[in-house]
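# Survey of secondary and tertiary structure
What follows is the residue order along each chain.
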Amino acid sequence: MEDRTPVVLRGGTVLAVDDAHSVLPGTDVLVVDDRIAAVGPALEVPAGTREIDARDGIVMPGMVDTHRHMWQTAMRGYGADWTLTQYFVWYYLESGKHFRPQDVRAGNLLAAAEALDAGVTTVVDWSHGLQTVDHAEAAVDALRAVPGRNILAYGNIQQAPWEWSASSDFQAFARRQIDARDDMLGFQMAFDVTGDPSFPERAAYEVARELGVPVTTHAGVWGATNDDGIRLAHEAGLLDPSHIFVHAATLSADSYHRIAATGGSVSVSTESEQSAGQGYPPTWVLRAHGIPVSLSMDTSVWWSGDLFSAMRTTLGADRSHEHMDAHAKGETITCCTLRADQVVDWATRGGARALGRTDLGSVAVGQKADLVLIKNEHSPVSFPVLNPHGHVAFQAQRGDVHTVLVDGRVVKSEHRLVGVDLPGIRREVEATVEYLRSTMGEQAWTAGMNPEVPETKILDNPYTYTDYASGATHGQG
Ligand SMILES: [Zn+2]
């Protein structure tokens, strides 16, 4: 283990992210090795400790994103006007198959750097572009090259989960990853459950169980997955607290009961649900069922890889639902149920808990030292800080992320990434863009920003590997 200099963040307003959502003004945080060693005013620190002035700033835990398709980041902003159907056409049917291992690597490198820059210190890489184990090796290579904490959630949209998970290539790769698994890189399996009554995905769940790794699924996605997938997995006894359901938007109470009963959590990607069309962002209904929430941003093909946007849009969507629901009954909401401190909790501790990482997501002695200092002397938005949770949720942005620590190491300092070769990443991303553009041809490349929806089965089923389609998803009964 390399030597780490102790670090102290002096005099910031600390958001502890505990049950009381404590705010500690004028507080120091001392980091020794990979842990938070002390939290308090005017701390005495070991000789040689690096001092960081956090006065006028907010110190909070590193943010945790539980669902991000990092391999897609080289296509940043390309799909800004897409719907979910257009995304399926581009990635699942037409162009996703063009991605080579080095393209997955380029996307992952950029995504990992982008996350750290925004104070997102842990990311679940929902990596469903792994057409071969070489693609997976490239994904891991990138995740290991950037000093963030990541979880590779292995998936492959080009093949059925019961096929790729059964292959000896995948299983050997998975066992290698599991053996090499450490604090900085975890492993999960990522696939969707279509609701086909013969439940072929059972085999993939069983592989995950044999490997002892969690499963994450896109669940409750209008037009793709519905209650049937959750019911089938639950009836087969395959759901447990490690299961992260992504979106969980278009579902009935029956599914929420099954998720709550088995202790699973939901990763809400509000920006994604709002513009792609998976269903209304479900925080309001998850709250009603006592289901734990974490936040995610899904993909940089549309959205920004920061969780400030996620917190902001989640507050907006939840409150919008609450107001409209009341108005429909002729009533007025006089106090919003969802508060800023709660979304800060979801963006930090909520993600840590979804991953079973109780050592992450809060600022307290003994916790892993994943920390973010929000401070920007050049910004008129940096003062006054009257309501620190509200400031984080509604006022701050990635440019205000002054310092980031991961595992006790400073990875961003004075607004600049440390130990990240951005020019090198840029070259790899440019090579990927160049390759995809020339492979697709200029016309298809341009048309891809607003892809035509072909007359295929896609409106009933985006998955190329199965003919199963459900009329129920589209109310065709
Ligand atoms: Zn997704």
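Residues numbered from 1 in each chain as written. Predicted model: local features only at pLDDT ≥ 70, side-chain atom pairs only at ≥ 80, totals over all residues. Heavy atoms only, no water.

The next point concerns the domain arrangement of the protein. We note that the domain assignment places domain 1 (7-62 + 367-417) and domain 2 (63-354) within the protein. When each unit is reduced to the centre of its C-alpha atoms, the spacing between domain 1 and domain 2 is 28 Å. Contacts between the two partners involve 29 residues from domain 1 and, on the opposite side, 32 residues from domain 2. Together domain 1 and domain 2 conceal approximately 2400 Å² of surface at their shared face, both sides included; 61% is due to carbon and sulfur atoms. When residues of domain 1 are sorted by the area they lose upon contact with domain 2, His 21, Phe 394 and Arg 398 head the list and together hold 26% of the total. Taking the shortest distance from any N to any O, the salt bridge between Lys 412 and Asp 117 comes out at 2.9 Å. Connecting domain 1 to domain 2 are 13 residue pairs in polar contact (both at pLDDT 80 or more). (Domains from an automatic or database assignment. Contact = heavy atoms within 4.5 Å. Buried area = accessible area lost by both parts, 1.4 Å probe. Salt bridge = Lys/Arg side-chain N within 4 Å of Asp/Glu carboxyl O. Polar contact = N/O pair within 3.5 Å; in protein donor to acceptor, adjacent residues only side chain to side chain.)

Our next topic: the coordination of the zinc ion. The zinc ion binds to the protein through His 67 (NE2), His 69 (NE2), His 218 (NE2) and Asp 298 (OD); the donor distances cover 2.1 to 2.7 Å. Between the four donor atoms coordinating the zinc ion, the angles at the centre fall across 80 to 175 degrees, so the site counts as irregular. In this structure His 67 comes out as buried when scored by relative accessible area, which is 0%. Accessibility expressed as a relative area gives 6% for Asp 298, which makes it buried. (Donors = N, O, S within 2.8 Å, 3.2 Å for Na, K, Ca; no water. Tetrahedral: all angles 85-135°; square planar, octahedral: opposite > 155°, others 65-115°. Buried < 20%, exposed > 50% of the residue type's maximum accessible area, 1.4 Å probe, protein only.)

With that settled, consider the environment of Arg 149. The residue Arg 149 is located in strand 8 (residues 149-154) in this model. The buried category is assigned to Arg 149, whose relative accessible area is 2%. Taking the C-alpha atoms as reference points, Arg 149 and Val 64, separated by 85 residues in sequence, lie 9.2 Å from one another. Ignoring anything within four residues of it in the chain, the contact list for Arg 149 reads Thr 121, Thr 122, Val 123, Asp 183, Met 184, Arg 357, Leu 360, Lys 368, Asp 370, Val 406 and Asp 407. At 3.0 Å, the side chain of Arg 149 and the backbone oxygen of Asp 183 are in polar contact. Within the local environment of Arg 149, its side chain forms a polar contact with the side chain of Asp 370, the two groups lying 2.7 Å apart. (Helix = DSSP H or I, 4+ residues; strand = E, 2+ residues; numbered from the N terminus.)

A separate point is the nonpolar core. Of all hydrophobic cores here, the largest spans 114 residues; its most connected members are Tyr 91, Tyr 154, Phe 187, Met 189 and Met 311. With nine residues, helix 2 (residues 101-117) is the largest single contributor of residues to this core. Looking at which domains feed residues into this core, each of domain 1 (7-62 + 367-417) and domain 2 (63-354) supplies at least three. Setting aside residues no more than four positions away along its own chain, Met 311 makes contact with Met 63, Leu 295, Val 343, Val 344, Ala 347, Val 392 and Ala 393. Within the second largest apolar cluster, 15 residues are counted, among which are Val 7, Leu 9, Ile 52 and Leu 405. (Core = buried A, V, L, I, M, F, W, Y, C linked by side-chain atoms within 4.5 Å.)

Where burial is concerned, most of strand 8 is hidden: six out of the six residues are buried. Where burial is concerned, the two faces of strand 8 agree: the one with Arg 149, Ile 151 and Ala 153 and the one with Asn 150, Leu 152 and Tyr 154 are both buried. Alignment of strand 7 (residues 120-127) against strand 8, held across six bridges, turns out to be parallel. Within the sheet, the bridge partner assigned to Trp 126 lies in strand 8 and is Ala 153. As for the winding sense of the linkage, the β-α-β connection from strand 7 through helix 3 (residues 133-145) to strand 8 is right-handed. Across five bridges, the pairing between strand 8 and strand 9 (residues 185-190) is parallel. (Pairing = 2+ DSSP bridges. Right-handed = clockwise from strand over helix to strand, strands pointing away.)

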